[in-house]
Structure formats: C-alpha cells, structure tokens
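# A closer look at the structure
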Amino acid sequence: MTDSQNLLAEQRRALILDEVRRRGGVRVQELTRKLNVSDMTVRRDLDALARQGVVEKVHGGAVPVVEASTHEPGFEAKSGLELSAKEDIARAAAAMAVRGSAIALSGGTTTYALAQHLLEVPDLTVVTNSVRVADVFHTAQRAGGGKGPRPGAATVVLTGGVRTPSDSLVGPVADQAIRSLHFDVLFLGVHGISVEAGLSTPNLAEAETNRRLVRSARRVVVVADHTKWGTVGLSSFATLEEVDTLVTDRGLSAGAREEMAEHLPGLVVAGESGAVEAQHGTGVDGGPADSGPADN
C-alpha cells in the first residue's frame, strides 16, 4: 500500500470516528455514500477502529465505545496504538526544544516517543515524572560504555511519587518536587482533550500533578494524537486556553481542527507539509526561562 493510500485510510477512519462520536452511531450504507467508497472498504475501516478500541461494531454499523471516565489503560496497552501518528508528533515536537533549555515531560506513550527524539538536542535539563521517559535518557547514557555522560547529554531529574498504571509518578511527593521548579517548555501527554472538559485524566492524583506541571511552565505544548479528541477522563486539570500549542496528527478531522483553533494559540498538524506554519498566534519561542517565579 502506498503512502498516499495510507493517508487516505487514516483520513477516512478519522472522519468515521468523528461521525460515530458526533451522532452516537453510524450505518455502513451511510458511510459508503458519504465517503464514496465501497462497502468492503468501510467494513475494513470499522475493523481497524474496533481493533484500536475506539468503536464497537454492531449489526450494520458501529457505535462509540463508552469507556468509563475512571478507566486508566496501562502503558503497554497504549504503546501499540497510533504508532505512526505518535512518531510524527514526536518528530514535530522535538523541533521545538532548544539547546540548553529546561524542559518537562509528563508521562505517556507519546512523550515516551518524544524523549527518543530529544536525545539529539544537546545540553537539555529534563524534568519528568515518567519512569519510562527517564529510562530513555539513562539507557542512552549507559550505551556510552560506562565512560560517563557523553558531551551534551541531558541532565535528567526524575520526581518521586506513587506509580500509576501508565508508569507516571504522582501524588504529594511529585507535586512538592515540581512546585519549586521552573521550565521553559512543558511537553504534556493527555488521556483526553475536548472543548468542554479541556485536558483530562482518569487518575485524580495524576490530575493534580499535571496541574503543577502546567503552573511551573512558561509554555505548555500538548502532544496528543487525534483519538484523544472528544475523550473525557474523570478529572480535568487544564483548560484549552492554558495550552500554548497542540501538536497532533493528520488524522484529526477538519471540524475538530476548526473547533480547536478557536481556543488554542497554536495548532501543529504533524505529518502534513507546512505543519509548523499551521501555528497561528504565538508559537513556541526558544528563550530562556524567566527569572521570576512561576505561578504556583
């Protein structure tokens, strides 16, 4: 299958998912007319979406999966989903990291992918509450053969805390550590994002830790693939207006892009030509952290 065909499939599935969530269910015949494709193509798309766990196939069509707002999938369960989208997002977000800056990375499979690209950015100070993210940097240092950190290797600060199913460290210990720190940029993974609920997570303790991360950052960059749109977890921890830039993938529907653009200063669609130019308003600058205190 060519890259063009892959793109078309991703776009179709994003449109189907958007339609299912918006209407509460669709029929195969409706989709064939709307998308001007064969019955077999629609059924393959529904099979793919069902494997991702975002729709449930029913006789003649599909309905959205109603996931409990308290359900928190583990890291391994999420790591195999939307791999190409996460890679595109990680590559685009890594271009926003400036040599010598202080950055924070939250937990999540997309920030884990981002961490691997950040290995190429020299002299970073990385604060993270993700065991997996910290391991990326520590493994890279150990690969040097025990001769000490390579020149330009990141300095990594791992917060303490209680470990969640997604391998993030949360709770009072993590919150206290983050509270005294200041970041140039926070790269934030999310469970769900919507206009009404903003950024949300099913884990109450993680919500509070994420609030601390947001308050300690000069700029907030959310990294989230299109499947996170319309998902709402138990606890909201930030509004869309508190986000400076969202980096997402080309699977995000046109309607969702328009809706997000009304609330976000910057929207980057990774994997599309001119993705960086898709930002509007204030983008991510590369200046050093302010000397003044963060809003804690």
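Residues numbered from 1 in each chain as written. Predicted model: local features only at pLDDT ≥ 70, side-chain atom pairs only at ≥ 80, totals over all residues. Heavy atoms only, no water.

### Comments concerning the sheet that holds strand β2 (residues 55-58)
Spatial ordering of the open sheet is given by β1-β3-β2, a layout of three strands whose pairing is antiparallel. Sheet topology places β1 (26-27) and β2 at the edges, where each strand pairs with a single neighbour. Across two bridges, β1 lies against strand β3 (residues 61-64) in antiparallel orientation. Across the sheet, Val26 pairs through a bridge with Ala62, a residue of β3. (Pairing = 2+ DSSP bridges. Helix = DSSP H or I, 4+ residues; strand = E, 2+ residues; numbered from the N terminus.)

### A short note on unusual backbone geometry
Look at Asn36: it is not a glycine, yet its phi comes out positive at around 60°. Inspection of the secondary structure assignment puts Asn36 in the loop between α2 (28-35) and α3 (39-52). For Asn36, a relative accessible area of 68% gives the class exposed. Residues other than glycine seldom take positive phi values, yet Asp123 does so here, at roughly 60°. Mapping Asp123 onto the fold places it in the loop between α6 (109-118) and β5 (125-128). (Buried < 20%, exposed > 50% of the residue type's maximum accessible area, 1.4 Å probe, protein only.)

### Focus on the sheet that holds strand β6 (residues 155-158)
Taken in spatial order, the seven strands line up as β6-β5-β4-β9-β12-β14-β15 in an open sheet, and their pairing is parallel. Each of the sheet's edge strands pairs with one partner strand only, and the pair in question is β6 and β15 (266-270). Going from strand to strand, the sheet's axes swing by 20° on average, the running direction of each strand aside. With six bridges connecting them, strand β9 (residues 183-189) and strand β12 (residues 217-223) associate as parallel partners. The residue of β12 that forms the bridge with Leu186 is Val220. Each of β9, β12, β14 (245-249) and β15 touches helix α5 (residues 83-94); the most contacted strand, β14, lies at about 145° to it. (Axes fitted to C-alpha atoms, helices over the stretch in contact; angles between N-to-C directions. Contact = heavy atoms within 4.5 Å.)

### Observations concerning the nonpolar core
Proteins that are soluble and globular tend to have nonpolar side chains buried together. Counting 30 residues, the largest nonpolar core has Leu105, Leu118, Phe137, Phe187 and Val247 as its most contacted members. For this core, the elements supplying multiple residues, two or more each, are α5, β4 (102-105), α6, α7 (131-142), β9, β12 and β15. In terms of residues, this core owes the most to one element, α5, which gives five residues. Apart from residues lying up to four places away in sequence, Phe137 is in contact with Ala115, Leu118, Leu119, Val126, Ala154 and Val156. (Core = buried A, V, L, I, M, F, W, Y, C linked by side-chain atoms within 4.5 Å.)

### Digging into the confidence of the model for the chain
Residues of the chain with pLDDT of at least 70 account for 82%, and the chain-wide mean is 82. Confidence drops under a pLDDT of 50 for residues 75-79, and excluding neighbours within four residues, the segment shows 14 contacts in the predicted structure. Segment residues 276-296: pLDDT under 50, and 42 contacts once partners within four positions in sequence are set aside and those in other chains are kept. (pLDDT = per-residue confidence, 0-100.)

### Things to note about the packing of α6 against α7
To describe two helices that pack against each other, one gives the angle between their axes and the distance between the axes. Taken N-terminus to C-terminus, the directions of α6 and α7 make an angle of 20°; their axes are 9 Å apart at the nearest point. The angle between the axes of α6 and α7 places the two elements in the roughly parallel class. Judged by the twist between their axes, the crossing of α6 over α7 is right-handed. Side by side, α6 and α7 meet where Thr111, Tyr112, Ala115, Gln116 and Leu118 of the first sit next to Arg132, Val133, Val136 and Phe137 of the second. Taken together, the residues that form the contact of α6 with α7 break down as six nonpolar, two polar and one charged. (Parallel < 35°, antiparallel > 145°, perpendicular 65-115°, else oblique. Left-handed = near helix turned anticlockwise from the far one by under 90°. Nonpolar A, V, L, I, M, F, W, Y, C, P; charged D, E, K, R; others polar.)

### Quick notes on α7
In this model, α7 (twelve residues) spans 16 Å end to end at C-alpha, consistent with the 16 Å of a helix rising 1.5 Å per residue. Looking at α7, one finds that the buried residues are Val131, Val133, Ala134, Val136 and Phe137. Looking at the packing, one finds that the buried side of α7 touches β4, α6, β5, β6, β7 (162-163) and β8 (169-170). Where α7 starts, the residue carrying a side-chain oxygen 3.4 Å from the main-chain nitrogen of Arg132 turns out to be Ser130. (Expected span 1.5 Å × (residues − 1). Polar contact = N/O pair within 3.5 Å; in protein donor to acceptor, adjacent residues only side chain to side chain.)

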